[in-house]
Amino acid sequence: MVGKITEAMLIADMQAAINHCASAKYVVPIGYCFGGAMAYLAACKCTGVAGAVDYYGTRTIAFAETMSPEVPVMYHYGALDKSIPMDGIVKIKRAHPAGTHYIYENADHGFSCDERPQFFNADATKLAKQRTLKFLVDVMQ
């Protein structure tokens, strides 16, 4: 199903959601895995976005080859994540050197999903959440 969704469709859906939330002073998409890449895409292609938070967005690597964000973005990666290799993280950093990038040493892909005990990392999740909340405060100032 995901393979049938075009970039234009994703942007249109996200822009509609952002427009719906426009009465809020700040709209900051936060996404995990596919959603992380969508947050990145919104930061690059949508209007009305104040920032974005990308948790281990696997498709971010492909997007970073052709686009870079227009707003502040925070990135969270697990060092053990085989779906986002270090060279992919380097590509993302090159596309957005002004971004805030964190790599969690003992964390794998999906480290913030407590419904997947084989990947969940409570310490990395706690630190990433603290950093994300501070980022949101900073974006709103």
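Residues numbered from 1 in each chain as written. Predicted model: local features only at pLDDT ≥ 70, side-chain atom pairs only at ≥ 80, totals over all residues. Heavy atoms only, no water.

1. Structural notes on the environment of Cys33
Here's step 1: Its place among the elements puts Cys33 in the loop between strand S1 (30-32) and helix H2 (34-45).
Here's step 2: Relative accessible area serves as the criterion here: at 27%, Cys33 is assigned to the partly exposed category.
Here's step 3: Along the backbone, Cys33 and Tyr56 are 23 residues apart, and their C-alpha atoms lie at a distance of 5.2 Å.
Here's step 4: The contacts of Cys33, once residues within four sequence positions are left out, are Tyr55, Tyr56, Gly57, Thr58 and His109. (Helix = DSSP H or I, 4+ residues; strand = E, 2+ residues; numbered from the N terminus. Buried < 20%, exposed > 50% of the residue type's maximum accessible area, 1.4 Å probe, protein only. Contact = heavy atoms within 4.5 Å.)

2. Observations regarding the packing of aromatic side chains
Here's step 1: For the structure shown, the criterion picks out nine aromatic pairs.
Here's step 2: Both rings, one in Tyr40 and one in Tyr75, keep their centres 6.2 Å apart while their planes meet at 50°; by these two values the pair is tilted. Placement of Tyr40 in helix H2 and of Tyr75 in strand S3 (residues 73-78) is noted, with a sequence separation of 35 residues between them.
Here's step 3: On the basis of relative accessible area, Tyr40 is assigned to the buried category, the value being 0%.
Here's step 4: With relative accessibility at 0%, the residue Tyr75 sits in the buried group. (Phe/Tyr/Trp six-rings, centres within 6.5 Å; stacked < 30°, edge-to-face > 60°.)

3. A short note on helix H5 (residues 122-139)
Here's step 1: Given a rise of 1.5 Å per residue, 18 residues ought to cover 26 Å, and the 25 Å separating the end C-alpha atoms of H5 matches this to within 8%.
Here's step 2: Looking at H5, one finds that the buried residues are Ala124, Thr125, Ala128, Thr132, Phe135, Leu136 and Val139. Down the axis of H5, the sector holding all buried residues measures 100°, keeping them to one side. Residues of H5 that are exposed and angled more than 90 degrees away from the buried face: Asp123, Lys126 and Lys134.
Here's step 3: The inward-facing, buried residues of H5 contact S1, strand S2 (52-55), S3 and strand S4 (100-104).
Here's step 4: One side-chain oxygen of the residue at the start of H5 lies 3.2 Å from the amide nitrogen of Asp123, identifying that residue as Asn121. (Expected span 1.5 Å × (residues − 1). Arc of directions from axis to C-beta. Polar contact = N/O pair within 3.5 Å; in protein donor to acceptor, adjacent residues only side chain to side chain.)

4. Here we look at the packing of helix H1 (residues 7-20) against H2
Here's step 1: Interaxial distance between H1 and H2 falls to 10 Å at its minimum, and their mutual angle equals 80°. In terms of their interaxial angle, H1 and H2 are classed as roughly perpendicular. From H1, Glu7, Leu10, Ile11, Met14 and Ile18 reach across to H2, where they touch Phe34, Met38, Leu41, Ala42 and Lys45.
Here's step 2: By residue class, the composition of the contact of H1 with H2 is eight nonpolar, no polar and two charged. (Axes fitted to C-alpha atoms, helices over the stretch in contact; angles between N-to-C directions. Parallel < 35°, antiparallel > 145°, perpendicular 65-115°, else oblique. Nonpolar A, V, L, I, M, F, W, Y, C, P; charged D, E, K, R; others polar.)

5. Some words on the pattern of salt bridges
Here's step 1: Using the criterion set out here, one finds two salt bridges in the structure.
Here's step 2: With a shortest N-O distance of 3.2 Å, Glu65 and Lys91 are connected by a salt bridge. With Glu65 in the loop between helix H3 (60-64) and S3 and Lys91 in helix H4 (residues 86-95), this residue pair connects regions lying 26 residues apart in the sequence.
Here's step 3: Among the residues examined, Glu65 registers a relative accessible area of 53% and is labelled exposed.
Here's step 4: The class for Lys91 is partly exposed, based on a relative accessible area of 33%. (Salt bridge = Lys/Arg side-chain N within 4 Å of Asp/Glu carboxyl O.)

6. Comments concerning the sheet that holds S4
Here's step 1: Pairing within the open sheet is parallel, and its four strands lie in the order S1-S2-S3-S4. On the outer flanks of this sheet lie S1 and S4, each paired with one strand and no other. Adjacent strand axes in the sheet meet at a mean angle of 10° when their direction is disregarded.
Here's step 2: Two strands pair when backbone bridges link them, and S3 and S4 are joined in this way by five bridges, in the parallel orientation. Paired with Tyr77 across the bridge in S4 is Ile103. (Pairing = 2+ DSSP bridges.)

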